[in-house]
Amino acid sequence: MKQAIMIGAGNIGRGFIGALLEKSGWHVTFADVAENLITAVNQRGSYTVHIQDRECAEWTVTNISGISSAGPELVQAIAGNCQLITTAVGLRILPIVAKPIAAGIQARKAAGNTQPLNVVACENAVRGTSQLRDAVFTHLNEEEIAYAKEYVGFADCAVDRIVPKASFENPLDVAVERYTEWDVEKGGWKGELPDIQGCTFVDDLSAYIERKLFTLNSGHAICAYLGALKGRRTIVESIADPAIGQLVYKAMQESGEGLIQKFGFDPAAHHAYIDRIFARFQNPFLEDETQRVAREPIRKLSPTDRLIKPLLTAYGYGLKVDHLLVGTAAALHFDCPEDEQSVEMIGKIQAEGVEQALEAYTGLTPDHPLFGRILDVYRALAIAKQ
């Protein structure tokens, strides 16, 4: 039987990646530092995935086991007949899990194991697997790196599924939305491509990464920042406000036109994709709080992230960007004392002025044509919220 290790037994690990692998005939070994989760996996031996959407459903995951990711068990599991390692731990934790993955690779080399092993970091990050690979290689010598390059695949991916908050009698049970997307880049894979339900192998991941960034991430963030300005608690409440919903949809269309120009997407197909993403924001089961989605505004205002990159891409093709400008300006208003980046940003604006913050965080300079337009919208929003 095909063996996979899912590092990270949280909601994404159980409700998304691990569930799809088990559904496709893999035995999934969950590895996590949370002892209560691993104990529950081994004692209960199953859990239910609850699809909470306009049409609800559920299925039971049974072919599972659990090990600690903090001890030797993980290294031993990788050294055995494991064929696939997936992660769902967050970008910050990848350098930590790189060490046992490297030790497992060393053990496979020492045992003369030439069976292909593939590693896929299923994180909400651009090229997360490549970042994990680089961290793994810091723990290997030249011979071990040569072995890894021949027998270990590191395939980048793009993942997309929202996991709403829910509680069940079985602590392993998890709620998910119906929508799911898991795109894995073929070029990084070693050996035969497996048939995994819900997983698509693609030639060039760049288009899929930016499609998500420009559509889901951008629309989600703009909705959150506008919702926060108007005191809306959740994304569902925000998108239900006609003024916010209309602006978010038009911003997604503007970023979409930029994507169509850049990657040659079929216009009708991409507009249908926008509609599907916009409908997800309206899922009544998704209790996504605006404060959570809006957090870390400095990161989200950076030149390569969900606000500025779609804005500059569309503008670069001579397209309209009026609604994307509003989203960017709204982010500069995000004031949340519990969020470190918000505190830093608001502090900088108060001490040095919004012009300095805009230049520092977005990379735009005062002579850029969009610089003044963003400031105008920022000031108009400030008047409107008074």
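Residues numbered from 1 in each chain as written. Predicted model: local features only at pLDDT ≥ 70, side-chain atom pairs only at ≥ 80, totals over all residues. Heavy atoms only, no water.

**Examining the sheet that holds strand E4 (residues 57–61)**
Here we have three strands laid out as an open sheet, ordered E4-E3-E10, and mixed in their pairing. Edge positions in the sheet fall to E4 and strand E10 (174–176), since each has one partner strand and no second. Each strand axis lies, on average, 25° off the axis of its neighbour in the sheet, ignoring direction. Alignment of strand E3 (residues 47–51) against E10, held across three bridges, turns out to be parallel. Its bridge partner being in E10, His 50 is matched across the sheet by Ala 175. Across the face of the sheet, helix H1 (residues 11–23) comes into contact with E3, E4 and E10 while running at roughly 105° to E3. (Pairing = 2+ DSSP bridges. Helix = DSSP H or I, 4+ residues; strand = E, 2+ residues; numbered from the N terminus. Axes fitted to C-alpha atoms, helices over the stretch in contact; angles between N-to-C directions. Contact = heavy atoms within 4.5 Å.)

**Considerations on helix H10 (residues 267–280)**
Here H10 is 14 residues long and its end C-alpha atoms lie 20 Å apart, about the 20 Å a rise of 1.5 Å per residue gives. Along H10, the residues classified as buried are His 270, Tyr 273, Ile 274, Ile 277, Phe 278 and Arg 280. Each buried residue of H10 sits inside an arc of 150° when the element is viewed along its axis, so together they form one side. Residues of H10 that are buried make contact with strand E9 (157–160), strand E11 (181–185), helix H7 (206–229), helix H8 (235–240) and helix H9 (242–263). (Expected span 1.5 Å × (residues − 1). Buried < 20%, exposed > 50% of the residue type's maximum accessible area, 1.4 Å probe, protein only. Arc of directions from axis to C-beta.)

**Here we look at the packing of aromatic side chains**
For the coordinates displayed, the defined rule picks out seven aromatic pairs. Summarising the aromatic geometry, the rings of Tyr 225 and Phe 334 are spaced 5.7 Å apart at their centres and angled 65° between planes, so their arrangement reads as edge-to-face. In this pair, Tyr 225 is assigned in helix H7 and Phe 334 in the loop between helix H14 (322–331) and helix H15 (340–352), connecting sequence segments 109 residues apart. In this structure Phe 334 comes out as buried when scored by relative accessible area, which is 3%. The lysine or arginine in question, Lys 23, covers the ring of Trp 59, its NZ or CZ lying 3.9 Å from the ring centre. One Lys or Arg, Arg 211, reaches over the ring of Tyr 273 and ends 4.0 Å from the middle of that ring. (Phe/Tyr/Trp six-rings, centres within 6.5 Å; stacked < 30°, edge-to-face > 60°. Lys NZ or Arg CZ within 6 Å of the ring centre and 35° of its normal.)

**What to know about the pattern of salt bridges**
Enumeration according to the criterion identifies 19 salt bridges in this entry. A salt bridge links Arg 133 to Asp 134; the shortest N-O distance between them is 3.2 Å. Given a relative accessible area of 27%, Arg 133 falls into the partly exposed group. Here Asp 134 falls in the partly exposed class, since its relative accessible area comes to 43%. Between Asp 203 and Lys 186 there is a salt bridge, with its nearest N and O atoms 3.6 Å apart. (Salt bridge = Lys/Arg side-chain N within 4 Å of Asp/Glu carboxyl O.)

**Looking at the sheet that holds E9**
Two strands in a sheet stick together by hydrogen bonds in their backbones, pointing the same way (parallel) or opposite ways (antiparallel). With mixed pairing, three strands are arranged side by side in an open sheet as E9-E11-E12. A strand with exactly one partner marks an edge of an open sheet, and here the two such strands are E9 and strand E12 (199–202). Strand-to-strand twist of the sheet, defined as the mean angle between neighbouring strand axes without regard to direction, takes the value 15°. Across four bridges, the pairing between E11 and E12 is parallel. Each bridged residue has a counterpart across the sheet, and for Trp 182 the counterpart in E12 is Cys 199. On the sheet, H7 packs against E9, E11 and E12 and is oriented at approximately 30° with respect to E9.

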